[in-house]
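Results of the structural survey
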Amino acid sequence: MNKQVSDYKMSNIYSVFENHFPVDRKKDFIETVDGQHISYAELELQVTKICHYLVSQLGLQKGDRVAVQVEKSPQVIFLYLACLRAGLIYLPLNTAYTESELQYFIENAEPSLVVCRPQSMALFGKIAETNPIAHIKSLDEQGQGEIIEAASAQDSGFTTVECDKDDIAVILYTSGTTGRPKGAMISHGSLAANGLSLVNYWQWTEDDVLLHALPIFHIHGLFVACHTALLSGSKMLFVPKFDADTIIGLLPRATAMMGVPTFYTRLLLNDGFNKDVCANMRLFISGSAPLLEQTFEEFQQRTGHTILERYGMTETGMNTSNPYNGERLPGTVGFPLPGVEARIVHDDGSQVNQGEVGNLQVKGANVFQGYWRMPEKTAEEFTGDGFFKTGDMAMMNDQGYISIVGRGKDMVITGGFNVYPKEIELEIDEIDGVLESAVIGIPHADFGEGVTAVIVASDKAQLPTEGEMIRLLKSKLASFKVPKKIIIVDALPRNTMGKVQKNLLRETYQDIFQ
Ligand code: AMP
């Protein structure tokens, strides 16, 4: 199988998935940790019934948004696929988001349907008082809830809604340095192009068994992982949350795993993790944050496997990958994937010399359609000749391998999640007694980076204690965004242009988590 998206009379991405389902639909699509086996036939039946419910019962129409903040279960995948098939725009939300964050997403995206955990029904009900939401339905961690119950009584035939390759399939919010999260609009065509490219590049086949322990509200777990399985008709071992013992128990039955670097460091800390456990595996993939060379090497020594590191982002899907057959170089993210053009340029747009650091820009069918209701922001992020400015700083070696050397936008990646300093700084600056703040990422053995706030007091007497500030921030922000340490200083270092020199702060406090 070596089909590209251009081989399809492009319609709905669900039809592209369907074309790759195994001929024998009795084959497993998902096996859960509690021993449930869900076949491709069951997947098709459930998706059809949910489509009926969404369209005939709830009256949703092509282009309507469906916001989903739920725990991971196979039923969430059914709901996701039903939205795609019915031409609705799926909007996954991190389960850690708090009330004020959710309020913003609902106000901005105006979903017609919200699907949430049973315990969040009241919260969304309250949000709906100021931002009307036509329907709010629950889905619990067992995959049970109104939608699933009501869908069971529905018809089992549904005509997939025609979609153009540029029609929006998913909106995924990514924060911005300006503080406000931006909704990246990802089309049916981009998802199909990127997914098919990965299946080919990583040589995925129907015989693969993917160990899936990632969250499914993010590009990594939802697109990279689930789409490769769906586009090769293979099976997933579905684990609700990463836990080293569970993973070690399942690895002997898997052939591939995708993880954030934290997964690999945690596995290496476990004495039960060894070569024998990995005997059936053909591929370990890492992404979403830089993989330390030390982890890469320790992993190779312990298991004999060479982790394949790749690089991508919400707005673009996957851009580069280390080779499947050739040498996988630690500290690099490999080569541009087929169909992706990548270039490294100076601030003035001129090409850097080989080995020099510059801004990474990409172009291809994988790139998103723009930010939801932010045309100016979208225009700013593209060059005149159609390249997307990733915001990452990169360099290329003499063999063409790309390394991501830093993030122009100063984003912090903690446990695989992105934290945009500006958003946290804005909250900290609201605290009584705070004059200003700078949020940085400091190397942390477990999380990759630990969120750290450096603050200047306007009135030291008024300033709450570190513990009180952390508690206060926890009520406003998802816990992964809350600083693990708060440092008080007399002044922030600034350059002549008045910009805070975060690199100096990072250097000064580089050892605080050691
Ligand atoms: P997200 O949109 O959440 O997927 O985050 C995308 C960002 O994560 C990129 O812009 C990079 O800064 C970072 N990233 C993803 N993969 C890697 C990688 N393999 N190495 C370094 N940074 C990465």
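Above this note sits the structure.
Residues numbered from 1 in each chain as written. Predicted model: local features only at pLDDT ≥ 70, side-chain atom pairs only at ≥ 80, totals over all residues. Heavy atoms only, no water.

If you trace the backbone, Gly 259 turns up in strand β11 (residues 256-259). Taking C-alpha positions, Gly 259 is 23 Å from Ile 171, a pair spaced 88 residues apart along the chain. Each residue touching Gly 259, except ones within four places of it in the same chain, is listed here: Leu 214, His 220, Tyr 264, Ile 285, Ser 286 and Gly 287. (Helix = DSSP H or I, 4+ residues; strand = E, 2+ residues; numbered from the N terminus. Contact = heavy atoms within 4.5 Å.)

Let's shift gears to the packing of aromatic side chains. Enumeration according to the criterion identifies 20 aromatic pairs in this entry. Look at Phe 368 and Phe 382: their rings are 5.8 Å apart centre to centre, the planes differ by 20°, and that puts the pair in the stacked class. Residue Phe 368 is found in the loop between β17 (358-363) and β18 (370-371), and its partner Phe 382 is found in the loop between α12 (375-381) and β19 (388-396); the two are separated by 14 residues along the sequence. With relative accessibility at 5%, the residue Phe 368 sits in the buried group. A network of ring pairs unites the aromatic residues Tyr 14, Phe 21, Phe 29 and Tyr 40 as a single cluster. (Phe/Tyr/Trp six-rings, centres within 6.5 Å; stacked < 30°, edge-to-face > 60°. Buried < 20%, exposed > 50% of the residue type's maximum accessible area, 1.4 Å probe, protein only.)

Let's shift gears to the site of the ligand. Near the ligand, the surroundings consist of 18 residues, among which His 218, Arg 310, Thr 314, Asp 392 and Asn 418 are the closest. Within the side chain of Thr 314, an N or O atom sits 2.6 Å from an oxygen atom of the ligand. Here the ligand, which alone exposes 500 Å², has 96% of that area covered by the protein. Residue assignment for the shell around the ligand shows that the elements contributing at least two residues are β13 (308-313) and β20 (402-407). Per-element tally for the shell around the ligand: the top contributor is β13, with five residues. Classifying every residue of the shell around the ligand gives nine nonpolar, five polar and four charged. Split by domain, the shell around the ligand shows at least three residues from each of two domains, domain 1 (190-381 + 388-409) and domain 2 (411-508). (Near = heavy atom within 4 Å. Polar contact = N/O pair within 3.5 Å; in protein donor to acceptor, adjacent residues only side chain to side chain. Areas by Shrake-Rupley, 256 points an atom, 1.4 Å probe, with all protein chains shown as cover. Nonpolar A, V, L, I, M, F, W, Y, C, P; charged D, E, K, R; others polar. Domains from an automatic or database assignment.)

As a further point, take the packing of helix α1 (residues 13-20) against helix α7 (residues 188-201). Between α1 and α7, whose axes approach to 9 Å, the crossing angle comes to 30°. Compared by their axis directions, α1 and α7 come out roughly parallel. Contact with α1, carried on its side by Ile 13, Val 16 and His 20, involves His 188, Leu 191, Ala 192 and Leu 196 of α7 and no other residues of that element. The residue makeup of the contact of α1 with α7, split by class, is five nonpolar, two polar and no charged. (Axes fitted to C-alpha atoms, helices over the stretch in contact; angles between N-to-C directions. Parallel < 35°, antiparallel > 145°, perpendicular 65-115°, else oblique.)

Another point: the nonpolar core. If you look at the biggest cluster of nonpolar residues, it comprises 138 residues, and the most contacted ones within it are Leu 54, Leu 81 and Trp 202. Counting residues per element, this core draws most heavily on helix α3 (residues 74-85), at nine residues. For Leu 54, the residues in contact, after removing those within four places along its chain, are Gly 59, Leu 60, Leu 79, Ala 82, Cys 83, Leu 88 and Leu 113. Ile 455, Ala 457, Ile 470 and Phe 480 belong to the second largest nonpolar core, which has 20 residues in total. (Core = buried A, V, L, I, M, F, W, Y, C linked by side-chain atoms within 4.5 Å.)

Attention now goes to helix α5 (residues 121-130). Buried within α5 are the following residues: Phe 124, Ile 127 and Ala 128. Along the axis of α5, the buried residues cluster in a sector spanning 105°; they form a single face. Among the exposed residues of α5, those oriented more than 90 degrees off its buried face are Ala 122, Glu 129 and Thr 130. The inward-facing, buried residues of α5 contact β3 (65-69), α4 (99-109), β5 (113-116) and β6 (135-138). (Arc of directions from axis to C-beta.)

Turning to empty space enclosed by the protein, a few remarks are in order. The full count for this structure, using the stated rule, is one cavity of 30 Å³ or more. The calculated volume of the largest cavity comes to roughly 100 Å³. Lining of the largest cavity is provided by 15 residues; of these, Leu 191, Asn 194, Phe 223, Gly 317 and Met 318 occupy positions nearest its centre. At the level of secondary structure, the elements contributing two or more residues to the lining of the largest cavity comprise α7, α8 (219-230) and β14 (317-321). If one sorts the elements of the lining of the largest cavity by residue count, α7 sits on top with five residues. (1 Å grid on protein atoms, 1.4 Å probe; cavity = no way out; pocket = protein on both sides within 12 Å on 5 of 7 lines; lining within 4 Å. Points joined across faces, edges and corners; volume = space filled by probe spheres on them.)

On to the state of the cysteines. Disulfide: a covalent bond formed between the sulfur atoms of two cysteine residues. Evaluated as defined, the whole model comprises zero disulfides. In this structure Cys 83 is not part of a disulfide, and its nearest cysteine sulfur, from Cys 51, lies 8.0 Å away. According to the relative accessible area criterion, Cys 83 is buried, its value standing at 0%. Here Cys 226 is not cross-linked by a disulfide; its sulfur's nearest cysteine counterpart is in Cys 83, at 14 Å. We classify Cys 226 as buried; its relative accessible area is 1%. (Disulfide = S-S within 2.5 Å.)

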